[in-house]
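What follows is each chain in one-letter form.
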Amino acid sequence: MAASISGIGVGLGFSCSSNLSKPLHSSQSSGSRVKMTVSVEDKKKNYTLQKSEEAFNAAKNLMPGGVNSPVRAFKSVGGQPIVIDSVKGSHMWDIDGNQYIDYVGSWGPAIIGHADDEVLAALAETMKKGTSFGAPCLLENVLAEMVISAVPSIEMVRFVNSGTEACMGVLRLARAFTGREKIIKFEGCYHGHADPFLVKAGSGVATLGLPDSPGVPKAATYETLTAPYNDISAVESLFNSNKGELAAIILEPVVGNSGFIPPKPDFLEAIRRLTKENGALLVFDEVMTGFRLSYGGAQEYFGITPDLTTLGKIIGGGLPVGAYGGRREIMEMVAPAGPMYQAGTLSGNPLAMTAGIHTLKRLKEPGTYEYLDKITGELVQGILDAGKKTGHAICGGYISGMFGFFFTEGPVYNFDDAKKSDTAKFAKFHRGMLEEGVYLAPSQFEAGFTSLAHSSEDIQKTIAAAEKVLSKI
């Protein structure tokens, strides 16, 4: 299965060009008869976020910015943040009763759909035994075996509670194993909010316009070197000027925190070669791409095996979870097998393990990734066609169930290219799509996600909404 990128080097192989808008109808009521149907126009006229506004205003007095993660505040797209009440399948409902087709998927983990019945039933049974033991449980073995079997680079795994924790642990491990301290990360790649990674970090940092974060001491980032993504010559220069000092390169094999940016042909292969030649470790941050691009993640998809891998999101089925793993000789450095310390009271808790086991079982079924590839391709091509039809500069692409687009001609190879996108236009588009019942990530610098629960009808409704909104911008 080849990556499909339109405006970024490889053309998509098909398109949806038909006008999918449906004619408007409304039923008439008289006397005491109740109106049985509501037209699209009526629905839009009645779209309100009054309860969300009230809840968010109250939250601002209780939590910094009214949220527990910055991008949720809608700073880059403006308008009223949405307060969600419930989710199911491919849909979300806010506390005002508005329904949305969801393309955020809790930022990736809802790959089989929200609140899957089988996962919920398994969780209910597990909860009868308890929610956390703070001690080993058999479920850890089961999920560990599944992860090791699936991901090419992983021979041993350590479960943690978030992607940030996983990246913190893997960085310490890389330094412990090599005896070196310097690392290379790429501009616009986000690896969690640990101090060493908050350098040109993309994602929420880019959304808020913060180049770095106050409170991060210079010593914490002094050994963090940066290069533009997809620029192998810049990486070579860093190796040449830091001979024998680099512990590792860490990167998102497909960037999701500057928007969707795939690697150029041979970029990952060249990175792999450079790390081997210089005695450094290659770390794939697959918190987003793991089990999403393919069952074995980006490393299986591209055929490039790193030394270490971080995972999150999907392997807990949406519950708080993360993991890092790699070659046995490296992982045996981790306590208590070795001297590198890392711990977590809730790591490997039975609820996250259960949700992960049942999610991965579903993903292993035949046709899973073919279906994700099909619907995501239709979605992206439909949005690109709608943008071009309505006179907008737009480019984008997808791989399996991960996608993105930018309001710029492109191509987009790195974070600097991504920043050329018309973010003001994206903000208008985002707000318009909300009013049409489509929930996209509230930032131009975030990838989107589809799920097995998304139907062809969902995709066609989204494309029709995109054309409608774009025609008004």
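Residues numbered from 1 in each chain as written. Predicted model: local features only at pLDDT ≥ 70, side-chain atom pairs only at ≥ 80, totals over all residues. Heavy atoms only, no water.

Peer 1: Could you give an account of the overall build of the protein chain, naming the residues involved and the relevant values?
Peer 2: When its secondary structure is counted, the protein chain shows 16 helices and 15 strands. Per-residue burial for the protein chain yields a buried fraction of 56% across its 473 residues. Long-range contacts, defined here as pairs at least 24 residues apart, represent 73% of the contacts in the protein chain between residues at least 6 apart. Total accessible area on the protein chain is roughly 20,000 Å²; 53% of this is exposed by carbon and sulfur atoms. (Helix = DSSP H or I, 4+ residues; strand = E, 2+ residues; numbered from the N terminus. Buried < 20%, exposed > 50% of the residue type's maximum accessible area, 1.4 Å probe, protein only. Contact = heavy atoms within 4.5 Å. Areas by Shrake-Rupley, 256 points an atom, 1.4 Å probe, with all protein chains shown as cover.)

Peer 1: Now, about the packing of helix H15 (residues 423-435) against helix H16 (residues 456-470): what can you tell me, with residues and values included?
Peer 2: Remark: H15 packs on H16, axes separated minimally by 9 Å, with the N-to-C direction vectors making an angle of 130 degrees. Classified by the interaxial angle, the pair formed by H15 and H16 is oblique. As H15 runs across H16, the sense of the crossing is right-handed. On H16, the residues that touch Lys428, Phe429, Gly432 and Met433 of H15 are Thr462, Ala465, Ala466, Val469 and Leu470. (Axes fitted to C-alpha atoms, helices over the stretch in contact; angles between N-to-C directions. Parallel < 35°, antiparallel > 145°, perpendicular 65-115°, else oblique. Left-handed = near helix turned anticlockwise from the far one by under 90°.)

Peer 1: For the sheet that holds strand E4 (residues 99-102), give the residues involved together with the corresponding values.
Peer 2: Here we have 4 strands laid out as an open sheet, ordered E2-E3-E4-E14, and mixed in their pairing. In this open sheet, the two edge strands, each paired with only one partner strand, are strand E2 (84-88) and strand E14 (438-439). Relative to strand E3 (residues 91-94), E2 runs antiparallel, the two being bridged by 4 bridges. The partner of Ile84 across the bridge, within E3, is Asp94. Packing against the sheet, H16 makes contact with E3, E4 and E14, and its axis sits at approximately 105 degrees to E4. (Pairing = 2+ DSSP bridges.)

Peer 1: Give a description of the sheet that holds strand E7 (residues 224-227) that names residues and reports values.
Peer 2: If you walk across this open sheet you meet the 7 strands as E5-E11-E10-E9-E8-E6-E7, and the pairing is mixed. Strands with a single pairing partner mark the edges of an open sheet, and in this sheet they are strand E5 (156-160) and E7. Across the sheet, the mean angle from the axis of one strand to that of its neighbour is 20 degrees, orientation sign disregarded. Note that strand E10 (residues 308-312) and strand E11 (residues 322-326) share 5 bridges and pair antiparallel. Its bridge partner being in E11, Thr310 is matched across the sheet by Tyr324. Against the sheet, helix H9 (residues 267-277) engages strand E6 (182-186), strand E8 (246-251) and strand E9 (281-285), with an angle of about 145 degrees to E9.

Peer 1: Just give me the short version of the pairing of E8, but keep the residues and values in it.
Peer 2: Here E8 lies mainly inside the structure; 6 of its 6 residues are buried. This β-α-β element, E8 to H9 to E9, shows right-handed connectivity. (Right-handed = clockwise from strand over helix to strand, strands pointing away.)

Peer 1: Describe the packing of aromatic side chains, and please don't skip the residues or the numbers.
Peer 2: With the rule as written, the count across this model stands at 12 aromatic pairs. Each ring, one from Phe186 and one from Tyr229, has its centre 5.9 Å from the other, and the planes form 85 degrees; the classification is edge-to-face. In this pair, Phe186 sits in strand E6 while Tyr229 sits in the loop between E7 and helix H8 (232-241), placing the two residues 43 residues apart along the sequence. In this pair, the class of Phe186 matches that of Tyr229, namely buried. Counting every residue linked through ring pairs, the aromatic cluster contains Tyr47, Tyr100 and Tyr439. Above the face of the Tyr413 ring, Lys264 is positioned so that its terminal group lies 4.4 Å from the ring centre. (Phe/Tyr/Trp six-rings, centres within 6.5 Å; stacked < 30°, edge-to-face > 60°. Lys NZ or Arg CZ within 6 Å of the ring centre and 35° of its normal.)

Peer 1: Any details on the environment of Leu171? Residues and values, ideally.
Peer 2: Take Leu171: it is sitting in helix H5 (residues 163-178). In the structure, Leu171 is positioned 12 residues away from Ile183 in sequence and 8.4 Å away in space, judged by C-alpha atoms.

Peer 1: So what's going on with the nonpolar core? Which residues, and what values?
Peer 2: Most often, soluble globular proteins keep nonpolar side chains buried together rather than apart. With 38 residues, the main nonpolar core has Ile82, Tyr103, Phe405, Phe429, Met433 and Tyr439 as its most contacted residues. Looking at this core, the elements that each hand over two or more residues are E4, helix H13 (368-389), strand E13 (402-406), H15, E14 and H16. Those residues in contact with Phe405 that sit more than four places away from it in its chain are Ile383, Leu384, Ile394, Cys395, Gly396, Phe426, Phe429, Leu440 and Gln444. (Core = buried A, V, L, I, M, F, W, Y, C linked by side-chain atoms within 4.5 Å.)

Just distances and angles here, no functional claims.
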